[in-house]
Amino acid sequence: MDKKPIGIFDSGVGGLTVFKEIRKRFPYEDIIYFGDTARVPYGPKSRNTVIEYSIQNARFLIQQGAKIIVIACNTSSATALTQLQKLLPVPVLGVIEPGALSAVKMSVSKRIGVIGTEGTIRSQAYSSAISKLDKSCIVFSKPCPLFVPLAEEGWQDHEATRLTIKEYLTSLLQNDIDTLVLGCTHYPILKTAIQQFAGDKVTLVDSAKTVTDKLDDILPNRESKKIGEDHFYVSDNEEKFNNIASKILGMNIDKLIKVRLGEGWFL
Ligand code: DGL
């Protein structure tokens, strides 16, 4: 069981922000990452479609031997976590609850902002998770769909990004929030620009980091003579994936395998 890999999936490349944190924290574990680059983005898709894709992705990882599934994608976590936990024979972790917990711990004023894709915000998964933990918290949410292509373009330090941040966040910040949850895989890539605009009175919660803390509680951090192996799978566009991956990870992925899901094979 111990030797089996950790499985991580995302709608595409953004989940590598989660992979990066988990790899840092668990150097001896093998990790399999699946990015559903053929069907990205999940953010604007309907609930049923996101659930269907998420089940296929997770089943693929289990077929590859995953002992635990981490849903790096906030949209999938917000929509499909309960179904996956019911269906799958291994533990399944999503990013919402750990992010919510961290926000509740960090917020002093109990006025918390949440940004994410349309699907994540529509699901109200973060606001329910936060209210469940602390009823006195008031949550202000805002979908920020354009942050995804800006992050993928590598425009961390670009005028277009600063303008988009201003457009999305001005009204949100008027609610006097002291904590802002980056509820999407891609947003940590724009963290510096978001922090600059929000100012230092606002603490950012990075869901890539908080889900790794949660994994820490579940998985004993074993030591081994051998450094863990990484296996990367995508459903399309290997070259584009690798381009963005090299920006997120600071290295190229040598072995990237393309697989096709969704033709009934994994249902
Ligand atoms: N991975 C998605 C998320 O964290 C963002 C990209 C998409 O819309 O698929 O919500």
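We now turn to the structure provided with this report. Not measured: the values here are computed from a predicted model.

Across its full length, the protein carries eleven helices and ten strands. Here the C-alpha radius of gyration of the protein, 18 Å, is about what a compact globule of 267 residues would show, namely 18 Å. In terms of principal-axis extent, the alpha carbons of the protein reach across some 45 × 40 × 40 Å. Counting all 267 residues of the protein, 55% fall into the buried class. Across the protein, contacts joining residues at least 24 apart in sequence account for 75% of those joining residues at least 6 apart. Averaging the locations of the 33 positively and 30 negatively charged side chains of the protein gives two centres separated by 4 Å.

In the neighbourhood of the ligand, 13 residues make up the surrounding shell, with Asp10, Ser11, Tyr42, Gly43 and Thr75 lying closest. In this structure, asparagine 74 approaches the ligand through a main-chain N or O atom, which is 3.0 Å from an oxygen atom. Burial of the ligand by the surrounding chains reaches 99%, relative to a free accessible area of 290 Å². Its atoms largely coinciding with the cavity grid, the ligand occupies the second largest pocket. Looking at the shell around the ligand residue by residue, the classes come out as five nonpolar, seven polar and one charged.

This model, assessed by the stated rule, comprises nine aromatic pairs. Summarising the aromatic geometry, the rings of phenylalanine 34 and phenylalanine 60 are spaced 5.5 Å apart at their centres and angled 55 degrees between planes, so their arrangement reads as tilted. Linking phenylalanine 34 in strand β2 (residues 31-35) with phenylalanine 60 in helix α2 (residues 47-63), this pair joins segments that are 26 residues apart in sequence. Measuring from centroid to centroid gives 5.6 Å for tyrosine 42 and tyrosine 53, while their planes differ by 50 degrees, and the two rings are tilted. One end of the pair, tyrosine 42, is in the loop between β2 and α2; the other, tyrosine 53, is in helix α2, and eleven residues separate them in sequence. The class for tyrosine 42 is buried, based on a relative accessible area of 1%. Tyrosine 53 gets classed as buried once you look at its relative accessible area, which sits at 15%. Members of the aromatic cluster, connected to one another through ring pairs, are Phe19, Tyr33, Phe232 and Phe241. Seen from the ring of tyrosine 53, arginine 39 lies directly overhead, with NZ or CZ sitting 3.9 Å from the centre.

What follows deals with the sheet that holds strand β8 (residues 203-206). The strand order across the open sheet built from four strands is β6-β5-β7-β8, with neighbouring strands paired in parallel fashion. The outermost strands of the open sheet, each flanked by one partner alone, are β6 (138-143) and β8. Adjacent strand axes in the sheet meet at a mean angle of 25 degrees, parallel and antiparallel pairs treated alike. As judged from the four bridges shared by strand β7 (residues 179-183) and β8, these two strands associate in the parallel manner. Within the sheet, the bridge partner assigned to leucine 182 lies in β8 and is aspartate 206. Helix α6 (residues 125-133) rests against β5 (111-116), β6 and β7 of the sheet, and its axis sits at about 150 degrees to β5. Along the sheet face, helix α8 (residues 159-173) touches β5, β6 and β7 and points at about 165 degrees away from the line of β6.

Turning next to the nonpolar core. Membership of the largest hydrophobic core comes to 67 residues, with the highest contact counts inside it found for Leu16, Ile115, Phe147, Leu169 and Ile194. Apart from the residues within four sequence positions on either side, leucine 169 is in contact with Ile115, Cys144, Leu180, Ile194 and Phe197. Counting residues in each nonpolar core, the second largest holds 20 residues, with Ile51, Ile69, Leu81 and Leu88 among its members.

Read from one edge of the open sheet, six strands run β4-β3-β1-β2-β9-β10, paired in parallel fashion. Strand pairing shows two members of the sheet lacking a second neighbour, β4 (92-93) and β10 (256-258), which therefore form its edges. Sheet topology note: the β2/strand β9 (residues 230-234) ladder contains five bridges and is parallel. Considered in β9, the bridge of glycine 35 is made with valine 234. The sheet strands contacting α2 are β1 (6-10), β2, β3 (68-71) and β9, and the helix crosses β1 at an angle near 155 degrees. Packed onto the sheet, helix α11 (residues 238-249) meets β2, β9 and β10 and runs at close to 145 degrees relative to β10.

Basis of the calculations
Residues numbered from 1 in each chain as written. Predicted model: local features only at pLDDT ≥ 70, side-chain atom pairs only at ≥ 80, totals over all residues. Heavy atoms only, no water. Helix = DSSP H or I, 4+ residues; strand = E, 2+ residues; numbered from the N terminus. Rg over C-alpha atoms; globule rule 2.2 N^0.38 Å. Buried < 20%, exposed > 50% of the residue type's maximum accessible area, 1.4 Å probe, protein only. Contact = heavy atoms within 4.5 Å. Lys, Arg positive; Asp, Glu negative; His and termini not counted. Charge placed at Lys NZ, Arg CZ, Asp CG, Glu CD. Near = heavy atom within 4 Å. Polar contact = N/O pair within 3.5 Å; in protein donor to acceptor, adjacent residues only side chain to side chain. Areas by Shrake-Rupley, 256 points an atom, 1.4 Å probe, with all protein chains shown as cover. 1 Å grid on protein atoms, 1.4 Å probe; cavity = no way out; pocket = protein on both sides within 12 Å on 5 of 7 lines; lining within 4 Å. Sits in = over half its atoms within 2 Å of the grid points. Nonpolar A, V, L, I, M, F, W, Y, C, P; charged D, E, K, R; others polar. Phe/Tyr/Trp six-rings, centres within 6.5 Å; stacked < 30°, edge-to-face > 60°. Lys NZ or Arg CZ within 6 Å of the ring centre and 35° of its normal. Pairing = 2+ DSSP bridges. Axes fitted to C-alpha atoms, helices over the stretch in contact; angles between N-to-C directions. Core = buried A, V, L, I, M, F, W, Y, C linked by side-chain atoms within 4.5 Å.

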